[in-house]
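Residue strings, one per chain:
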Amino acid sequence: MHQETTQASELGDLEPGTRQRAQLRARITDIAWAALIAVLLIWSVWSTVGVVRGATAWAYAAVAYVLLTVVVALRVTAARRGSRTR
């Protein structure tokens, strides 16, 4: 009986028109946002440590924190818009 329902569907998990395909873009976007935030956070901390040690100019840390703030604000805004449309 299980084989009959599999054959009748004929759609794989990630083919157009499936729920998994619709969710795939959202998952990839979430992973990309998380990766970008992680990289900017590491850069911010690394730059701050460099400033404290005197090995890095303060401008690098400032730019890192500004970019981190902008990206987090954009992510929060995108998440709010996404929750309103769903």
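Values in this document were obtained by computation on a predicted structure and should not be read as measured data.

A. Local environment of the overall build of the protein. A tally of helices and strands in the protein yields 3 helices and 0 strands. For the protein, the succession of helices and strands along the chain, N to C, is α-α-α. Counting the 86 residues in the protein, one finds 13% classified as buried. Residue pairs in contact within the protein that sit at least 24 positions apart in sequence constitute 38% of those at least 6 positions apart.

B. Fine view of the environment of Tyr65. Within the element layout of this structure, Tyr65 appears in helix α3 (residues 58-85). According to the relative accessible area criterion, Tyr65 is partly exposed, its value standing at 39%. Tyr65 sits 25 residues away from Leu40 along the chain, and the two C-alpha atoms are 7.8 Å apart. Residue contacts for Tyr65: discarding those within four places in its chain leaves Ser44, Val45 and Thr48.

C. How the structure looks around the pattern of salt bridges. Scanning the model with the defined rule gives 1 salt bridge in all. In this structure, the salt-bridge partner of Arg75 is Asp30, at a minimum N-O distance of 2.6 Å. Of the two residues, Arg75 sits in helix α3 while Asp30 sits in helix α2 (residues 19-53), which places them 45 residues apart along the sequence.

D. Expanded view of α2. For α2, built from 35 residues, the straight-helix expectation of 51 Å at 1.5 Å per residue is met to within 8% by its first-to-last C-alpha distance of 51 Å. Residues of α2 that are buried include every one of Trp33, Leu40, Ser44, Ser47 and Gly50, and no others. Positive backbone phi, at 85°, marks Gly54, one or two positions downstream of α2.

E. Representation of the side chain of Ser47 within the structure. Structurally, the position occupied by Ser47 is in helix α2. Here Ser47 falls in the buried class, since its relative accessible area comes to 4%. Each residue touching Ser47, except ones within four places of it in the same chain, is listed here: Thr56, Tyr60, Ala61 and Ala64.

F. Broad picture of the confidence of the model for the protein. Taken residue by residue, the protein gives an average pLDDT of 84. The fraction at 70 or more is 84%. Averaged pLDDT values for the elements of the protein fall to 51 in helix α1 (residues 2-9) and rise to 92 in α2.

What counts, and where the lines are drawn
- Residues numbered from 1 in each chain as written.
- Predicted model: local features only at pLDDT ≥ 70, side-chain atom pairs only at ≥ 80, totals over all residues.
- Heavy atoms only, no water.
- Helix = DSSP H or I, 4+ residues; strand = E, 2+ residues; numbered from the N terminus.
- Buried < 20%, exposed > 50% of the residue type's maximum accessible area, 1.4 Å probe, protein only.
- Contact = heavy atoms within 4.5 Å.
- Salt bridge = Lys/Arg side-chain N within 4 Å of Asp/Glu carboxyl O.
- Expected span 1.5 Å × (residues − 1).
- pLDDT = per-residue confidence, 0-100.

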